[in-house]
2 protein chains.
Amino acid sequence: MVLYEVYELLRPGLAGEMRHGLTVVHPGKVGDEYFMTKGHYHTVLETAELYYCLKGEGLMVMETPEGEWAVEPLRPNGGLYVPPRWAHRSVNTGSGEDLLTLFVYPGNAGHDYGSIERQGFRKLIVERNGGPQIVDNPRWLPPEER
Amino acid sequence: MVLYEVYELLRPGLAGEMRHGLTVVHPGKVGDEYFMTKGHYHTVLETAELYYCLKGEGLMVMETPEGEWAVEPLRPNGGLYVPPRWAHRSVNTGSGEDLLTLFVYPGNAGHDYGSIERQGFRKLIVERNGGPQIVDNPRWLPPEER
């Protein structure tokens with residue numbers, strides 16, 4: 001099952017370059033959890049990423065290595081700046097429509113999926129009473145208990 | 001007379017950050033030359049800039065310090081990657097509509113308007129027979145004659 005697709009223009013892996021492309025997260029749920037991207041930190045932690053929502057409706061789930069978290073809306077013609085140090089994942093909370101976002105990040109940033117894959121994000125986005133709700137991820141451990 | 005407006009989110013001037021915002025170039029002409037932005041090099045020459053056209057119709061005029069030039073279309077839902085080393089200016093060639101672009105560039109890039117202000121870009125975009133045409137700028141000098 002394909003939950004999402006990424007189309008990227010791979011420029012050289014240099015700080016002055018900017019890699020960019022489009023992410024399509026399809027609509028749907030696994031259990032009560034909305035379809036989402038895997039999510040990642042940047043290998044060079046001190047690099048940002050800009051998202052610009054072109055279509056659909058969703059949420060960006062974010063967290064830092066220290067355990068801070070934030071969830072921000074993705075709406076058509078809305079930009080979302082993910083500051084340096086924040087892991088991020090986009091979630092399609094719309095009903096029946098793709099979530100389409102443009103992304104841009106420094107060429108040297110790199111992707112670190114490993115730390116997220118081990119325990120997931122601190123917060124999950126699930127459907128409750130027909131709409132999205134932010135709930136705790138029972139698998140998540142604070143940094144000092146990992 | 002206001003030819004264009006820039007709305008920018010000023011993030012810290014660091015390589016891992018990304019400054020971004022919107023440029024609106026209004027429709028119109030000065031003589032037979034279409035309204036345009038001043039155009040600039042980046043102070044850190046080896047930095048890129050990504051543009052994404054949200055509305056309107058235009059052209060991006062570009063050149064390098066060595067005198068290479070390029071002109072590329074700006075159309076709704078079209079991205080344009082200005083690679084490191086290329087000065088760039090956006091020109092509204094539409095009839096009656098604003099040209100609206102999203103821009104993103106590395107936080108440490110900086111703007112160098114001086115070298116363009118002295119002699120302008122190598123190519124100008126003028127109206128001929130009701131449409132845009134690329135013509136030589138008579139004020140422009142090749143690098144070895146400056």
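If you're wondering where the values come from, they're calculated on a predicted model, not measured in any experiment.

Enquirer: Which parts of the structure should I look at to understand the packing of aromatic side chains?
Expert: We describe a pair of aromatic rings using the distance from one ring centre to the other and the angle between the two ring planes. All names here are of chain A. Under the criterion given, the structure shown has 2 aromatic pairs over all chains. Here the aromatic rings of Phe103 and Tyr105 are separated by 6.2 Å at their centres, their planes lie at 25 degrees, and the arrangement is stacked. Just as Phe103 is buried, Tyr105 falls in that class too. Lys38 extends its terminal NZ or CZ atom over the ring of Tyr113, reaching a point 4.6 Å from the ring centre.

Enquirer: In this structure, what is going on with the pairing of strand E6 (residues 58-63) of chain A? I would like to understand it.
Expert: Here is the key point about a regular strand: its side chains alternate between the two faces of the sheet. Residues and elements named next belong to chain A. Where burial is concerned, most of E6 is hidden: 6 out of the 6 residues are buried. Examined bridge by bridge, E6 and strand E7 (residues 69-74) share 6 bridges and lie antiparallel to one another. Note that in E7 the partner of Met60 across the bridge is Glu72. Where E6 and strand E9 (residues 87-92) come together, 6 bridges link them in antiparallel fashion.

Enquirer: Which parts of the structure should I look at to understand the sheet that holds E7 of chain A?
Expert: Neighbouring strands of a sheet are bound in pairs by backbone hydrogen bonds; such pairs are parallel or else antiparallel. Residue and element names in this part refer to chain A. The 3 strands are arranged E7-E6-E9 in an open sheet whose pairing can be described as antiparallel. The strands lining the two open edges of the sheet, one partner per strand, are E7 and E9. Sheet twist, expressed as the average angle between the axes of neighbouring strands with direction ignored, equals 20 degrees.

Enquirer: In this structure, what is going on with the interface of chain B and chain A? I would like to understand it.
Expert: With 20 residues of chain B in contact, the opposing surface of chain A contributes 20 residues. Overall, the association of chain B and chain A removes approximately 1,600 Å² of surface from exposure, summing both partners, and the carbon and sulfur fraction of that is 76%. Looking only at chain B, the three residues that lose the most surface to chain A are Met18, Leu50 and Tyr81 of chain B, adding up to 36% of its buried area. Where chain B meets chain A, there are 0 salt bridges. Among the secondary structure elements, those contributing two or more residues to the side of chain B that touches chain A are strand E2 (18-25), strand E5 (49-55) and strand E10 (99-106) of chain B. For the side of chain B that touches chain A, the per-class residue count stands at 13 nonpolar, 3 polar and 4 charged.

Cut-offs applied
- For every chain, the first residue of the written sequence is number 1, and numbering continues from 1 onward in sequence order.
- Here every chain gets a letter starting at A, and every ligand a number starting at 1, in the order they are written.
- With the structure being a predicted model, the display of local features is reserved for residues of pLDDT at least 70 and the display and counting of side-chain atom pairs for 80 or more, all residues being used for whole-chain, interface and lining totals.
- Hydrogens are left out, water is left out, and the side-chain values use all remaining heavy atoms of the structure.
- Side-chain rings of Phe, Tyr and Trp (the six-membered ring for Trp) are treated as a pair once their centres are within 6.5 Å; stacked means planes under 30 degrees apart, edge-to-face means over 60, and tilted covers the remaining angles.
- A simple rule labels every residue: compare its accessible area, found with a 1.4 Å probe on the protein chains alone, to the largest value its type can have, and call it buried under 20%, exposed over 50%, or partly exposed in between.
- Two conditions define a charge located above a ring, namely a distance within 6 Å from the ring centre to NZ of Lys or CZ of Arg, and an angle within 35 degrees of the ring normal.
- Note on conventions: DSSP H or I runs of at least 4 residues are helices, E runs of at least 2 residues are strands, and numbering of each starts at the N terminus.
- If DSSP finds at least two bridges between two strands, the strands pair.
- Axes, fitted as lines to C-alpha atoms, cover a helix only where it is in contact. Angles between the N-to-C directions of the axes lie from 0 to 180 degrees.
- In what follows, a contact means two residues having at least one pair of non-hydrogen atoms within 4.5 Å.
- Simply put, the buried area is the total loss of 1.4 Å probe accessible area from both parts when two parts are fitted together.
- Salt-bridge detection follows one rule: a side-chain nitrogen of Lys or Arg within 4 Å of a carboxyl oxygen of Asp or Glu.
- In this classification, the charged set is Asp, Glu, Lys and Arg, the nonpolar set is Ala, Val, Leu, Ile, Met, Phe, Trp, Tyr, Cys and Pro, and all remaining amino acids, among them Gly, are polar.

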